[in-house]
Structure formats: C-alpha cells, structure tokens
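Summary of structural features
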Amino acid sequence: MGRNKDTEQLRPPSVNKLLMTPEMEMACEAYGRHLVADAIREELVALRSSIVSGVVTPAMMDAQNIFLAVNKRLSNWLRPSLQRVFNLTGTVLHTNLGRAPLPIEAIDAATMVATGASNLEYDLGKGCRGDRDDHIEPLICKLTGADAATVVNNNAAAVLLLLNTIANKKEVLVSRGQLVEIGGSFRIPDIMKRAGCRLREVGTTNRTHKEDYAEVIEKKTALLMSVHTSNYVVTGFTSEVSQPDLAAIAHEHSLPYAVDLGSGMLVDMKQFGLPHEPTPQDAIANGADLVTFSSDKLLGGPQAGIIAGRAELIRKIKKNPLKRALRLDKMTIAALEAVLRLYLNPDCLVERLPSLRALAKPKINIMNEATEIAAAVSEALNKNATVEVVEMKSQVGSGSQPTSLLPSGGLAIVPVGGKKGRGSKLKTLAAAFRNLPIPVIGRVTEDKFLLDFRCLENRVEFEAQLNQLKYS
Ligand SMILES: *Cc1c(COP(=O)(O)O)cnc(C)c1O
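Treat the numbers as computed from the prediction; the structure is a model and nothing was measured. (Residues numbered from 1 in each chain as written. Predicted model: local features only at pLDDT ≥ 70, side-chain atom pairs only at ≥ 80, totals over all residues. Heavy atoms only, no water.)

All right, on to the domain arrangement of the chain then. When its domains are assigned, the chain resolves into domain 1 (5–78), domain 2 (86–95 + 357–468) and domain 3 (104–348). In this structure, domain 1 and domain 2 have C-alpha centres spaced 42 Å apart. (Domains from an automatic or database assignment.)

See below:
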C-alpha cells in the first residue's frame, strides 16, 4: 500500500529538529526543555490527526506556526488556575468566590508558619509534644464562654464529627422545620446518615412544640439538636422551641443538646448597624452543651469549623479517629488564631476585618465611589453600552441573613440597541469583564449588567485595567 503523495509532503518536522530552532531554544530557556518537548509532541500529535482528517494546510507545518501553537500550549499549562478576582456581585461572603477575605494579621501569620518550622504540635514550655488545637482553644473559650473547644476543616466537618462522636448508631432529634440544605451540598439528613446516626424528625415544618420532643425521647435517643436555618425563613403561623427550653428538655433526660449555628458571629452585629446574628456565646448561655459554627462566614476568617462546649464532650470528640482526618492545616490555624485575636478588641474590628468592613460600608460611600468610577467604565465601553450610577441591594451571603439586604450602590450597564438579542449581549458583556487580567465578576439581571462596589477594596487596580476591556 503506497502512501498518498500529498500526505507525504505534509510531514511535520521532527521534535528534535524543532527543538533546535532559535525560538524553541529561547522557550527552553524560559520553561525548561522537558516541558517544551512535551508541548511539541502534543502539537505534533494534533497536527498528524489534522493531516489524517485532511484539514491541514502547508502553512500549518511551518516551523514558525508550530512555534506559536506550542507557545500557546505552554502558556495555558503555566497559567495559574486559581487567581484573584474582583467580587462585584453584591454578595459579600460569596462561597464560589472564596468567602471572607483575610485581614493582614492573618496573612502574615499564615506566611510565617508556611515559611519554616513552628511549634505547631510542640509545647515550648515543657519541651515535649503538644496539641495543635492549643493555639486556638483558649481564644475560643474566652470569646464564647465555653469550657473547651476544637477545630476542623469546615463547619460541615464539625457537624459530622460531633454527630459521629455523640450519636453513632443512635437517634438525634431535630425539628422538621430545621432540616435544611445549605449551598446545595450540605443537607442535615445526609450528614446524619454519613455520621452513622438516625434522624428523628420532630413536629411539623412550620410548628414544633416542647411536648413534641418529650414524646419521642426514648432509649435510643442520644442527642437533641437545633440547626440555625441560615438560608431561609419560615414566616406566618410558625413556632420553634427556644434554646433554653430545648436544653432543659435534654438535660431532664440526661441528654446533651447541640446547636449548629452555621455562620455564628462572636459579637453583636447590631453595633455595626447590621441585623443580629445568633452568637455561640448566647447558645452556650442558653444551655447548649455543644455549638458548631464556620470561621469563614460572618467571622471573617479562613475556612474552618469550630466546635465549642462542655469539656468532657470536647474530649470525646478529640479522641474520635475522624478528628485526625478532619484536622486543620498549620496555615489555617495561624490565620484563624490571628483573626480570633482581633475579636479581643471589638472596637477595632470594622477597621481591621475586611469582611466586616465591607458589610458595614455605608451606602453613601459606595454611591460616591460608583459616581467617581462611572466615567472611566463608560469610556472603556466605547459607546457600546450605557453606564448609569444606581442604588442596589447587597446581600451577606453564605446563607447568612437571607432576608436582610444591605442598601448599596454601583453601576448598571446596558448594551446599546433595542431589547432584541439583549440576553446574549449581556452575556458577552459579563464575559468581557471576566476576561480582564484581574477578572471582574458582576451580576447579570434580565436587562442589565450590575457592578456592586461594596466589596471593591482597591479602586486603583480596578480602574488601571479598564483600558484592556474588549467589548464591541
Ligand atoms: C454554612 C452552614 C454549614 C456548613 O458550613 P461550612 O463551613 O460551609 O462547611 C452547616 N450548617 C449551617 C447551619 C450552615 O449555615
């Protein structure tokens, strides 16, 4: 079987030959010979399959063109996947955008332990092995009034570990109105099952009474639990049993009572002009034996889950082998310790904690900033869209405070032309902002693209890249 003459002519240069071209030699200096050879091989495989399917032109075989294609592969490989973005969505603690930004104190602490050895699990006083929780526990106890505390990877892990330790192969009573799903992947009934517990639903979706609990307590019952319904509210004819009443019922039957707060905030949000969020210290004062909460929601720290409560229960939790599987990394411990320290001086919190600073930012300041930025954005859009300064509403995010919206301000951008095809124009517009060197993430509504400036911390950087916006 003779080869087709055309195909014979379209034979790409060899890897070695390509590697000897001056361009490739320069690429080797920059990226290393191994990676460049890899990229060439991949490109040649792609070229050969194009030859087979007959969609290749002689120009594509040219060493210069192959070099350009190889370079594209190399830069794709080397571009970091995880990168910084501007969160102008109006959702402050946006789970998809990494929730809370860390204060500089936390970043410095994480860098310090990342750079070298530390006393992570080493008791400097006694010169012997220590416990990594020791850096965090006294702070949590001081701030919440709990006797003891431990920390794990996130609040979902905290709830899992608590349930598995206290109620493995036993029953947990939870009000029907609190069987929530948070962020699509955390569902109380599923976590119960994975923790080896049986969920016993109590009462009805909208109303649960004291007697409902007392009636179902039996030998298999191991725990009473409340779940803060972070991301939804039941309104109208509703009733839930209060924390002190639930604690009393549990303790009458010698059972522990746990509260999953979800967000949980260590100070009263009202002092910052924000709606009240239940605190762990309230839960503990109300008689809860254990309380769990996130450290990257309202707390404004790194991702972690905190369990605080009675010493003997915390001791049991720490002994569970799952604790080892869910333990925190040293950088997170360092960052969390630094954030918790900020709470020792609540007067400086707004100034030092970026998430709280964003939440507490007055609307007037945001509107003023929007007014100042509007012209630059308008110019960057080059008459292809209109820009208007508008009032809007931000939300806290992460399932916290679902019903309270924060008065905010920003820009409403509308593509020029009529309503026809506006949907796809809005998508293109949003994509153009995402394609900036530091991607800008806004919010697309039915007829506008919105940029909420509540979370804009570095206006100079935002404006400096606008001349690279490509939208036409
Ligand atoms: C957010 C939340 C969780 C999960 O916390 P993560 O830190 O996201 O794992 C669990 N319970 C409640 C009530 C929550 O709001």
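The next thing to look at is helix H11 (residues 243–252). Residues Leu246, Ala247, Ile249 and Ala250 constitute the buried set of H11. One side of H11 carries all its buried residues, which in axial view fall inside an arc of 160°. At the exit of H11 stands Ser254, carrying a positive phi of roughly 55°. (Buried < 20%, exposed > 50% of the residue type's maximum accessible area, 1.4 Å probe, protein only. Helix = DSSP H or I, 4+ residues; strand = E, 2+ residues; numbered from the N terminus. Arc of directions from axis to C-beta.)

The next subject is the sheet that holds strand E4 (residues 148–152). Read across the open sheet, the 7 strands follow the order E4-E12-E11-E10-E9-E5-E8; overall the sheet is mixed. A strand with exactly one partner marks an edge of an open sheet, and here the two such strands are E4 and strand E8 (198–202). When the angles between neighbouring strand axes are averaged without regard to direction, this sheet yields 25°. When strand E10 (residues 257–262) meets strand E11 (residues 290–294), the two strands line up parallel, connected through 4 bridges. Residue Gly262 lies in a different strand from E11, and its bridge partner there is Phe293. Strand contacts of helix H7 (residues 137–144): E4, E11 and strand E12 (305–309), with the helix running at about 120° to E4, the strand carrying the most contacts. (Pairing = 2+ DSSP bridges. Axes fitted to C-alpha atoms, helices over the stretch in contact; angles between N-to-C directions. Contact = heavy atoms within 4.5 Å.)

Of note, Arg454 is situated in the loop between strand E17 (449–452) and helix H20 (459–464). Buried charge without a salt bridge: Arg454, with Asp452 as the nearest opposite-charge side chain at an N-O distance of 4.9 Å. Ignoring anything within four residues of it in the chain, the contact list for Arg454 reads Val92, Ala358, Leu359, Ala360, Lys361, Ile366, Ser394, Leu406, Pro407 and Ser408. (Lys, Arg positive; Asp, Glu negative; His and termini not counted. Salt bridge = Lys/Arg side-chain N within 4 Å of Asp/Glu carboxyl O.)

To continue, consider the environment of Gln271. When you line up the elements, Gln271 lands in the loop between E10 and helix H12 (280–285). Distance from Gln271 to Thr165, taken between C-alpha atoms, is 37 Å for residues 106 residues apart in sequence. Within the structure, the side chain of Gln271 is placed 3.1 Å from the backbone oxygen of Asp268, a separation counted as a polar contact. (Polar contact = N/O pair within 3.5 Å; in protein donor to acceptor, adjacent residues only side chain to side chain.)

Let's shift gears to the pattern of salt bridges. Tallied over the entire structure, the rule returns 27 salt bridges. Among the ionic pairs, Asp38 bridges to Arg41, the shortest N-O distance being 3.2 Å. Here the residue Asp38 and the residue Arg41 both occupy positions in helix H4 (residues 33–52), the gap between them amounting to 3 residues, near one helical turn. Between Glu337 and Arg341 there is a salt bridge, with its nearest N and O atoms 2.5 Å apart. Pair noted here: Glu337 and Arg341 are both in helix H15 (residues 330–342), with a separation of 4 residues, about one helical turn. A relative accessible area of 42% places Arg341 in the partly exposed class. It is possible to trace a salt-bridge network through shared partners that takes in Asp131, Asp133, Glu137, Lys318 and Lys323.

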